[in-house]
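# Observations on the three-dimensional arrangement
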Amino acid sequence: MANMTKLEIGEKVEVLITKLTVMEEKIDHLTEGLNNANKKIEDLDTSIKYAKGGLKVLVVIGTVMAILVGFTKLLGVIK
C-alpha cells in the first residue's frame, strides 16, 4: 500500500476511489466467472439427465431383445 501520509485529503480520496474502483472490477470479474461456472454446471446436469434417460432406453431395448431371443429359442426347441 502506498504511503498516504504525505498526500492531501483530496488526493487520499482519489486514491481510495481508485482502489475501490479496482476492487469493484475484480468483484465483477469474479461474479462473471461464477455465473459462467454455474451455467456450465447446469448444462452438465442436463447432459447427465439425458444420458441416464438414454441408458434406461438401452436397458429396456436390450431386455426386450433378450426376451424375444429366449422365446425364439424356446419355440425352436419345442418344434
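Described in the following lines is the structure provided in the data block. On a predicted model such as this, the values are computed, not experimentally measured, just so you know. (Residues numbered from 1 in each chain as written. Predicted model: local features only at pLDDT ≥ 70, side-chain atom pairs only at ≥ 80, totals over all residues. Heavy atoms only, no water.)

## Regarding the overall build of the protein chain
The criterion, for reference: In this text, helices come from DSSP runs of H or I with a minimum length of four residues, and strands from runs of E with a minimum of two, each type numbered from the N-terminal end. We take the radius of gyration over the C-alpha atoms and set the globule estimate at 2.2 Å times the residue count to the 0.38 power. Under the scheme applied here, a residue whose accessible area is under 20% of the maximum for its type counts as buried, over 50% as exposed, and between as partly exposed, the area being computed with a 1.4 Å probe on protein chains only.
Per the secondary structure count, the protein chain includes one helix and zero strands. For 79 residues, the compact-globule estimate of 2.2 N^0.38 gives 12 Å, and the protein chain exceeds it by more than 25% at 33 Å. Taken along its principal axes, the extent of the C-alpha atoms in the protein chain is 105 × 15 × 5 Å. Classification of the 79 residues of the protein chain by burial places 1% in the buried group.

## Points about the pattern of salt bridges
In a structure, side chains of opposite charge can pair up when their charged atoms sit close to one another. Basically, it comes down to this: Basic side-chain nitrogens of Lys or Arg form a salt bridge, by our definition, when they fall within 4 Å of a carboxyl oxygen of Asp or Glu.
Under the definition given, this model contains two salt bridges. The shortest N-O distance in the salt bridge between Asp43 and Lys39 comes to 3.4 Å. Within this pair, Asp43 and its partner Lys39 are both found in helix 1 (residues 9–78), separated by four residues, close to a single helical turn. A residue is classified by how much of its surface remains accessible, and Asp43, at 39% relative accessible area, is partly exposed. Linking Asp45 and Lys49 is a salt bridge whose minimum nitrogen-to-oxygen distance equals 3.6 Å. Of this pair, Asp45 and Lys49 both sit in helix 1, four residues apart, which is roughly one turn of the helix. Classification of Asp45 as partly exposed rests on a relative accessible area of 38%. On the basis of relative accessible area, Lys49 is assigned to the exposed category, the value being 55%.

## With respect to a negative patch on the surface
Formally: Surface patches are drawn from residues lacking salt bridges whose relative accessible area is over 30%; two like charges belong together within 9 Å, two nonpolar side chains (Val, Leu, Ile, Met, Phe, Trp, Tyr) within 5 Å. In this description, accessible areas are obtained by the Shrake-Rupley approach with a 1.4 Å probe, and a residue is regarded as covered only by the protein chains that are shown. When charges are counted, Lys and Arg are positive and Asp and Glu negative, with His and the chain ends excluded. Every charge is mapped onto a representative atom, which is NZ of Lys, CZ of Arg, CG of Asp or CD of Glu.
A contiguous patch of negative charge on the surface is contributed by Glu24, Glu25, Asp28 and Glu32. Relative to the helices and strands, Glu25 resides in helix 1. Among the residues examined, Glu25 registers a relative accessible area of 52% and is labelled exposed.

## Some points on a nonpolar patch on the surface
Taken together, the side chains of Ile9, Val13 and Ile17 present a nonpolar region at the surface, about 300 Å² in accessible area. Here Val13 shows up in helix 1. Judged by its relative accessible area of 40%, Val13 falls in the partly exposed class.

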